[in-house]
Amino acid sequence: MQSDYRINTSSIIQLAESQRTGQPDTSDLWETALLLGFPAALWRLPNQQDKHLIVSFEEVLPRVSADLDELPAGFLISPFDNLAKNAPVEAQLSEHLDQTGIVPQTLFLRADIQATFLEPGAHTAKQIEIKNTAGTTADRFWDTVDVRSKTKRSQPITSESPTPILDPGAQALYEENVVKAIEAIQRGELRKVVLSRTKQMQFVDVPNAVKLFDKLCQKYPSAFVSAVSIPERGQIWISATPERLVSMNANGVFQTTSLAGTQSAFHADGTAKHPAQAMWSQKEIEEQALVSRYIIECFKKIRLREYVEEGPKSIIAGNLMHLGTSFTVDTQAVRYPQLGTVMLRLLHPTSAVCGTPRDAAFNFIRQHERHDRELYSGFLGPVNIDANNEGPTSSIFVHIRCMKLEGRLATLYAGAGITENSEPEREWQETEMKCQTLLKVMMNDE
Ligand SMILES: C=C(O[C@H]1C=CC=C(C(=O)O)[C@@H]1O)C(=O)O
């Protein structure tokens, strides 16, 4: 199945800027994709300036197994429930997950058009690459871009701040579930479970996703910021996530992070806290240690011992602070080039979004959460993208601090890790703070 999506990268042709009339910007390409019904992904990696955009010409996206070694250049986005998690480890490690009877659920946006833009705000097209997709679709796309870039008007994120859709029972329901989770933990059925909730906001007019994306990039330089348009679902997902799930750089260096424990990044008087001075409770230290232990268990399953562990230390994530530990492996030194793919299959869903033991926590979530998580707490990110001619890199993140846009309706998602020492009201407040990461940007459209 996957060979259908393999493209010979030698067929990438460079399109000199002078060949185009006027320089298209991110909005031109994004809006054209939306207009023509093509899926698109826009992203900015943590602590980088360049913004990347790809457009796929496949209106209905292929469902693939998340194989970083097989997939061509593109963008993966997976739901929380991607049906592979209950498979035995042997099946998860199998080269052909989709041949084991498990239906792969990860959506793949093939990079039929790939663009890299320099400098936040400047939007100068540094480089535009077009895959040689034999004509008509690409021509139609570029003709539409040309027309649009001549007639475009700059629009703000929204003309008015969105208003919350009140859900009077939401807090009580959430806190009830936290109490049930604590009871299940006390009975020894689980050690930790991440319970999530939603918060809905109504815009007066359809918000400008690119402007929202730009503002998130400015406000959260260390986050992975993205906007992904999925026309077949009528959705745009926007996020500013602090959590790296799996990355493989051009030199074969693998990285993953364990993130948990949450507190505000600001003192009560509004001044910023210094990460080195942050105080963490026993509950938070244990909660994060469970995520690290889960990662180490995954390494153990594949008998990998040569990893570098750094942390835990306090990490700033926009308006919040977390405890984080990073794990690095030189896959060339350990002769394990497929480590990224194997760990992606083993890690998701980590204890940062699901819990421990994983299957018990997953079943608890399925039984008690009333909403469908959809793409929240799944994973997403670019695969085999060679932006600077240094070789293909893949960077997959946990899909948190995100929202789903359906026309004028925004649904925000946030979860909190519940352990034996959790206090229901505090956990609810924690999800409120997590929603603020995106809300601050949506509300404050100066
Ligand atoms: C599940 C989320 O965050 C996770 C990541 C960092 C800290 C977390 C926590 O303190 O509970 C969560 O495990 C979310 O933002 O929806």
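Being a predicted model, the structure only gives us computed values, none of them experimental. (Residues numbered from 1 in each chain as written. Predicted model: local features only at pLDDT ≥ 70, side-chain atom pairs only at ≥ 80, totals over all residues.)

(A) A look at the overall build of the protein chain. If you tally the helices and strands in the protein chain, you get nine helices and 21 strands. A separation of at least 24 residues holds for 76% of the contacts in the protein chain among residues at least 6 apart in sequence. (Helix = DSSP H or I, 4+ residues; strand = E, 2+ residues; numbered from the N terminus. Contact = placed C-beta atoms within 7 Å.)

(B) Inspection of the domain arrangement of the protein chain at higher detail. By domain assignment, the protein chain separates into domain 1 (2–151) and domain 2 (165–228 + 241–443). When residues of the side of domain 1 that touches domain 2 are traced back to their parent elements, those giving at least two are helix H1 (26–36), strand S2 (40–44), strand S3 (51–55), strand S5 (74–78) and helix H2 (89–93). Looking at the side of domain 1 that touches domain 2, the element that brings in the most residues is S5, giving five residues. Residue classes in the side of domain 1 that touches domain 2 are distributed as 20 nonpolar, 10 polar and seven charged. (Domains from an automatic or database assignment. Nonpolar A, V, L, I, M, F, W, Y, C, P; charged D, E, K, R; others polar.)

(C) Summary view of the pairing of strand S16 (residues 320–330). For S16, a buried count of nine out of 11 residues is recorded, marking the element as mostly surrounded by other parts of the structure. For strand S14 (residues 253–264) and S16, the ladder comprises 11 bridges, and the chain directions are antiparallel. Residue pairing for S16: Thr256 is matched across the bridge by Phe327. Looking at chain direction, strand S15 (residues 308–317) and S16 are connected through eight bridges and run antiparallel. (Buried ≥ 20, exposed ≤ 12 C-beta atoms within 10 Å, placed from the backbone. Pairing = 2+ DSSP bridges.)

(D) Structural context of the site of the ligand. Not every one of the 17 residues close to the ligand is listed here, only the nearest: Thr262, Ala352, Ile400, Gly415 and Gly417. Residue assignment for the shell around the ligand shows that the elements contributing at least two residues are strand S10 (192–202), S14 and strand S21 (409–418). Counted by class, the shell around the ligand contains eight nonpolar, six polar and three charged residues. (Near = placed C-beta within 6 Å.)

(E) Geometry of helix H4 (residues 170–186). Taking 1.5 Å of rise per residue, 17 residues should cover 24 Å, and H4 covers 24 Å from first to last C-alpha, within 8% of that figure. Among all positions of H4, only Tyr174, Asn177, Val178, Ala181 and Ile185 are buried. Axial view of H4: buried residues confined to an arc of 105 degrees, hence all on one face. Pointing more than 90 degrees away from the buried face of H4 are the exposed residues Ala172, Val179, Glu183 and Gln186. Lining the buried residues of H4 we find S10, helix H8 (358–368), S21 and helix H9 (424–443). (Expected span 1.5 Å × (residues − 1). Arc of directions from axis to C-beta.)

(F) Expanded view of the environment of Gln186. With respect to the element layout, Gln186 can be found in helix H4. Residue class for Gln186 comes out exposed when judged on the 10 C-beta atoms lying within 10 Å of it. Along the primary structure Gln186 and Thr419 are separated by 233 residues, whereas in three dimensions their C-alpha atoms are 9.4 Å apart.

(G) Summary view of the sheet that holds strand S18 (residues 379–383). If you walk across this open sheet you meet the nine strands as S4-S6-S5-S18-S19-S13-S14-S16-S15, and the pairing is antiparallel. Across the chains shown, the open sheet's two edge strands, defined by having one partner strand only, are strand S4 (63–64) and S15. Helix H6 (residues 282–301) rests against S14, S15 and S16 of the sheet, and its axis sits at about 165 degrees to S14. (Axes fitted to C-alpha atoms, helices over the stretch in contact; angles between N-to-C directions.)

(H) Region of the structure containing H1. Of all 11 residues that make up H1, eight are buried, and the element is covered over most of its length. Here H1 has its buried residues at Thr26, Ser27, Asp28, Leu29, Trp30, Glu31, Thr32 and Ala33. Here the buried face of H1 lies against S2, S3, strand S7 (113–118), helix H3 (136–151), helix H5 (209–219) and strand S11 (224–230). Phi turns positive one or two residues past the end of H1, at Gly37, with a value near 80 degrees.

(I) Broad picture of the nonpolar core. Counting residues in hydrophobic clusters, the biggest one holds 111 residues, and the most contacted among them are Ala40, Leu42, Ile54, Val193, Phe213, Val225 and Ile238. For this core, the two domains that each supply at least three residues are domain 1 (2–151) and domain 2 (165–228 + 241–443). With near-sequence residues (within four places) excluded, Ile54 lies in contact with Ala40, Ala41, Gly74, Phe75, Leu109, Ala111, Ile113 and Gln114. (Core = buried A, V, L, I, M, F, W, Y, C linked by C-beta atoms within 7 Å.)

(J) View of the pairing of strand S12 (residues 235–241). When you tally the buried positions in S12, you get six out of seven residues, the bulk of the element. Two elements, S11 and S12, share seven bridges in a ladder whose sense is antiparallel. Of the residues in S12, the one forming a bridge with Ala227 is Ile238. Two strands pair when backbone bridges link them, and S12 and strand S20 (residues 402–406) are joined in this way by four bridges, in the antiparallel orientation. Residue pairing across strands places Trp237 opposite Lys404, the latter belonging to S20.

(K) Unusual backbone geometry, seen in detail. For the peptide bond that leads from Gly311 to Pro312, omega is 5 degrees, which places it in the cis range. Of note, Pro312 is situated in strand S15. The residue after Thr356, namely Pro357, is reached through a cis peptide bond having omega -15 degrees. On the secondary structure map, Pro357 appears in the loop between strand S17 (355–356) and H8. Of note, Asn47 is a non-glycine position whose phi angle comes to about 55 degrees, a positive value. Checked against the element boundaries, Asn47 lands in the loop between S2 and S3.

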